[in-house]
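Below, each chain spelled out in residue letters.
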Amino acid sequence: MQVGRWNRRSILKGAAVLLGATAVPGARAQNQNAVRLIYPFAAGSGGDTMARIVAEKLNAGLSAPVIVENRTGAAGKIGVKSVVTAEPDGTTLLFVPNPPVSIYPHSYPTLEYDPVRDLTPVSLIATFDVALAVSSKNDIKTVKELIAWAKANPSQANYGSPGAGGLGHFFAVMVATGTGLDLKHVSYRGSGAVMTDLLGGQIPIAVVPLGDALELHRGGKARVIATSGNERSPLLPDVPTMKEAGINAEGQGWYAVYAPAKTPAETVKRLNKIIVDGLADPATKAKVLGLNMVPRTSSPEDLAAFRDADSARWAPAVKASGFKPQQ
């Protein structure tokens, strides 16, 4: 087994670097010539759909099959580790949201990988905001009004998020820190349950990915009063950011592609060009916006800087939350 593995590596060394017309074999892929794009969460989500859009572009650019593999478990850590330990030959790639690479180093006391040391950035793919929402049945229309209400009704100042240790949870901690409010967290299993209870009056505030509140906002059932980005979301340009409301709370979700550490620079360069060129297509941009994400590609170097800034931005909120994950 050891001899065969090293023979294969020697034979394919040049082809792997350049990722030529025929992809380097991936032993665990269904197709012997396939490139695997690992998505460390379940199929059927917006992130999974986005992964398949990226795979389609890579498939066209490499002239080789690219298979999306949903390697789930341990909040995404299993999938990430499978890429970290893969051969750095460009045949195993990671499509991942930001928590496993920029937040988990702060929220997990022990992490079996180091995203800076063990992964090579390829390109940013898309970003999305977190929404601060209330039911349209109440009179709260602005962040200022929400703060006044929460101060007058501290025992009722609860917010729901799609899960403890997620972006909604930590962004709400930023909001509480920035306003001096004592907001109490109610953890749900997914945004759907959060929004159901918001509309039903069980909770007064929801902090969820913007896309999960968008249709209810447009339909007049919920009211998004602020978003989390540095600037207004093109998906909801009439709604101000928290920063515009005078609150020091900012943070986005995002997706990116990574390769294992030590992947040759020429391989990374080619992968980056394929992705950047592919996602520049207007029809593809429209697909991404249809997933309630904003397309945004980058150079590998810019992704590394973006990840580092994101990690620094979320770290204080993770610490302030007191979140203790189940390993």
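Everything discussed here concerns the structure shown above.
Reading the values: the criteria
Residues numbered from 1 in each chain as written. Predicted model: local features only at pLDDT ≥ 70, side-chain atom pairs only at ≥ 80, totals over all residues. Heavy atoms only, no water. Axes fitted to C-alpha atoms, helices over the stretch in contact; angles between N-to-C directions. Helix = DSSP H or I, 4+ residues; strand = E, 2+ residues; numbered from the N terminus. Parallel < 35°, antiparallel > 145°, perpendicular 65-115°, else oblique. Left-handed = near helix turned anticlockwise from the far one by under 90°. Contact = heavy atoms within 4.5 Å. Pairing = 2+ DSSP bridges. Core = buried A, V, L, I, M, F, W, Y, C linked by side-chain atoms within 4.5 Å. Buried < 20%, exposed > 50% of the residue type's maximum accessible area, 1.4 Å probe, protein only.

(A) Quick look at the packing of helix 3 (residues 46–62) against helix 11 (residues 265–279). Orientation of helix 3 relative to helix 11, taken along the N-to-C sense of each, is 115°, at an axis distance of 9 Å. Relative to helix 11, the element helix 3 lies roughly perpendicular. For helix 3 against helix 11, the interelement crossing comes out right-handed. Residues M50, I53, K57, L58, G61 and L62 of helix 3 form the contact with helix 11, whose own contacting residues are R270, L271, I274, I275, G278 and L279.

(B) Structural detail: the sheet that holds strand 1 (residues 35–39). Reading across from one edge, 2-1-3-10-4-11 is the order of the 6 strands in this open sheet, with mixed pairing throughout. Two strands bound the open sheet, and with one partner strand each, they are strand 2 (66–70) and strand 11 (294–295). By the bridge criterion, 5 bridges tie strand 1 to strand 2 in an arrangement that is parallel. The residue of strand 2 that forms the bridge with I38 is E69. Together, strand 1, strand 2, strand 3 (92–97), strand 4 (119–128) and strand 10 (253–260) form the strand contacts of helix 3, whose direction differs from that of strand 2 by roughly 155°.

(C) Highlighting the nonpolar core. Formed by 61 residues in total, the largest nonpolar core has its most connected members in F95 and I125. Ranked by residues supplied to this core, first place goes to helix 8 (residues 167–179) with 8 residues. Those residues in contact with I125 that lie beyond four places of it in its chain are M50, V54, F95, Y255, A256, V257, I275, L279, V294, P295, R296 and T297.

(D) Region of interest: the side chain of S233. Summarising the element assignment, S233 is placed in the loop between strand 9 (222–227) and strand 10. Note on S233: relative accessible area 5%, which makes it buried. With near-sequence residues (within four places) excluded, S233 lies in contact with D129, L210 and T227.

(E) Representation of the sheet that holds strand 6 (residues 158–161) within the structure. One open sheet holds the 5 strands; their spatial order is 7-6-8-5-9, and the pairing between them is mixed. The outermost strands of the open sheet, each flanked by one partner alone, are strand 7 (184–187) and strand 9. Pairs of neighbouring strands in the sheet enclose a mean axial angle of 30°, with direction left out of account. Here strand 5 (residues 130–135) pairs with strand 9 via 5 bridges, running antiparallel. When the bridges of strand 9 are listed, A131 appears paired with T227. Packed on one face of the sheet, helix 8 meets strand 5, strand 6, strand 7 and strand 8 (205–209) and runs near 150° to strand 6.

(F) Highlighting the environment of L62. Mapped onto the secondary structure, L62 falls in helix 3. For L62, a relative accessible area of 2% gives the class buried. Sequence separation between L62 and V35 is 27 residues; the distance between their C-alpha atoms is 9.4 Å.

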